[in-house]
Amino acid sequence: MSGNSNDTSGQGMIVNPKPKADNQDWDGDDADRADRLRFEEEQAMIREQSEARAAAKALAEHKLAEHKAAEAAKNAK
């Protein structure tokens with residue numbers, strides 16, 4: 001993309017901006033609360049999935065260790 005001031009691609013243009021009075025976004029409006037709630041729910045789901053994966057991995061490692069110990073005991077006889 002050139003730095004030409006005659007560029008007419010439209011990139012970066014503000015089309016139909018809202019009047020400043022209508023463009024007020026303050027913390028605490030319904031959309032912000034809904035976004036925060038959605039974000040918190042997503043984070044909780046991610047934590048749960050991560051904990052479940054960690055638990056499954058620990059269980060698999062424990063079973064593998066038990067299997068190796070049983071094989072070692074069997075081979076020691």
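Residues numbered from 1 in each chain as written. Predicted model: local features only at pLDDT ≥ 70, side-chain atom pairs only at ≥ 80, totals over all residues. Heavy atoms only, no water.

### Structural notes on the pattern of salt bridges
In step 1: With the rule as written, the count across this model stands at two salt bridges.
In step 2: As a salt-bridge pair, Asp30 and Arg33 come within 2.5 Å of each other at their nearest N and O atoms. Separated by three residues within a single helix, Asp30 and Arg33 lie in helix α1 (residues 30-76), roughly one turn from each other.
In step 3: Two residues, Arg38 and Asp35, come together in a salt bridge whose shortest N-O distance is 2.6 Å. Here Arg38 and its partner Asp35 are both found in helix α1, three residues apart, which amounts to about one turn of the helix. (Salt bridge = Lys/Arg side-chain N within 4 Å of Asp/Glu carboxyl O. Helix = DSSP H or I, 4+ residues; strand = E, 2+ residues; numbered from the N terminus.)

### Quick notes on the environment of Arg33
In step 1: Of the residues examined, Arg33 reaches a relative accessible area of 42% and is grouped as partly exposed.
In step 2: Among the polar contacts made by the side chain of Arg33, one reaches the side chain of Asp30 at a distance of 2.5 Å. (Buried < 20%, exposed > 50% of the residue type's maximum accessible area, 1.4 Å probe, protein only. Polar contact = N/O pair within 3.5 Å; in protein donor to acceptor, adjacent residues only side chain to side chain.)

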